[in-house]
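What the coordinates show
The primary structure of each chain is shown beneath.
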Amino acid sequence: MSRIATIERNTKETKIRVTLELDGTGKSKIDTGIGFFDHMLDGFTRHGLFDLSAKCQGDVHVDSHHSIEDMGIVLGTAIREAIGDKKGIVRYGSCMLPMDETLAMCAIDLSGRPYLVFDAPFKGEMVGAMDTQMAREFFYAVSYAAGMNLHLKILYGENDHHMMEALFKAFAKALDAATRFDSRITDVLSTKGTL
């Protein structure tokens, strides 16, 4: 069973097309017009062992906000659609990820109930051409579009590049864990009978 989704979103601010394969090998082809954001999405792809093709044409002459937020909406929608009916998946995933002096934590519940808890004390305003405030906006958009409960926290760290990268990689590893199948789960993993 292929778990692949292709999503397009076109507005006056952005034109986005994303294809996501959950059961991939870590291949990516990404162009958002924001170099550091491309680097983060590439890390997400490789460490989650997803295959991701993402193209965004956005109003980066204004700033990075619309492109990053809308990419979060599209990626979150692709995650939700690629997962499908959720029968047989583990549902929960977590990761504690070290990157040099930084330690990041991510925990996910693919419950269908969106919620974001985000705690990352960035030191500066920018990493490359990406506004550090946009990390929260991206993950907020992903969590709500995907219908996932998402917790992200930097336990400690000093370098903004390391902290940002650790968050994206921890998210990838936690999502990979949550979307895995377990042969003991014959329906959805919920006392309600639905997710």
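That block above? That's the structure.
Just so you know, these numbers come straight off a predicted model, no measurement behind them.

A word on the packing of aromatic side chains. The full count for this structure, using the stated rule, is nine aromatic pairs. Relative to Phe-171, the ring of Phe-44 lies with its centre 5.4 Å away and its plane at 15 degrees, an arrangement referred to as stacked. Of the two residues, Phe-44 is situated in helix H1 (residues 35-48) and Phe-171 in helix H4 (residues 160-178); the sequence distance between them amounts to 127 residues. Since its relative accessible area comes to 1%, Phe-44 is described here as buried. The class of Phe-171 is buried, set by a relative accessible area of 1%. For the ring pair Tyr-140 and Tyr-144, a centre distance of 4.5 Å and an interplane angle of 25 degrees mean the geometry is stacked. Of this pair, Tyr-140 and Tyr-144 both sit in helix H3 (residues 133-146), four residues apart, which is roughly one turn of that helix.

The end-to-end C-alpha separation of H1 is 20 Å, in line with the 20 Å expected for 14 residues at 1.5 Å each. Downstream of H1 by one or two residues, Leu-49 has phi in the positive range, about 55 degrees.

Further remarks concern the state of the cysteines. Covalent bonding between the sulfur atoms of two cysteines defines a disulfide. All told, the structure shown has zero disulfides when counted by the stated rule. Cys-106 provides the cysteine sulfur closest to Cys-95, a residue in no disulfide bond, and the two sulfurs are 7.5 Å apart. According to the relative accessible area criterion, Cys-95 is buried, its value standing at 13%. Residue classification places Cys-106 among the buried residues on the basis of a relative accessible area of 0%.

Let us look at the sheet that holds strand S6 (residues 102-109). As summarised here, the arrangement of the four strands in space is S5-S6-S10-S7, forming an open sheet in which the pairing is mixed. Looking at which strands have only one partner, the edges of the open sheet turn out to be strand S5 (92-99) and strand S7 (115-119). When strand polarity is set aside, the average angle formed by the axes of neighbouring strands in this sheet is 10 degrees. One ladder, built from five bridges, connects S7 with strand S10 (residues 149-156); its direction is parallel. Within the sheet, the bridge partner assigned to Tyr-115 lies in S10 and is Asn-149. Contacting S7 and S10, H3 runs over the sheet at an angle of about 160 degrees to S7. Against the sheet, H4 engages S5, S6, S7 and S10, with an angle of about 150 degrees to S5.

The rules behind the values
- Residues numbered from 1 in each chain as written.
- Predicted model: local features only at pLDDT ≥ 70, side-chain atom pairs only at ≥ 80, totals over all residues.
- Heavy atoms only, no water.
- Phe/Tyr/Trp six-rings, centres within 6.5 Å; stacked < 30°, edge-to-face > 60°.
- Helix = DSSP H or I, 4+ residues; strand = E, 2+ residues; numbered from the N terminus.
- Buried < 20%, exposed > 50% of the residue type's maximum accessible area, 1.4 Å probe, protein only.
- Expected span 1.5 Å × (residues − 1).
- Disulfide = S-S within 2.5 Å.
- Pairing = 2+ DSSP bridges.
- Axes fitted to C-alpha atoms, helices over the stretch in contact; angles between N-to-C directions.
- Contact = heavy atoms within 4.5 Å.

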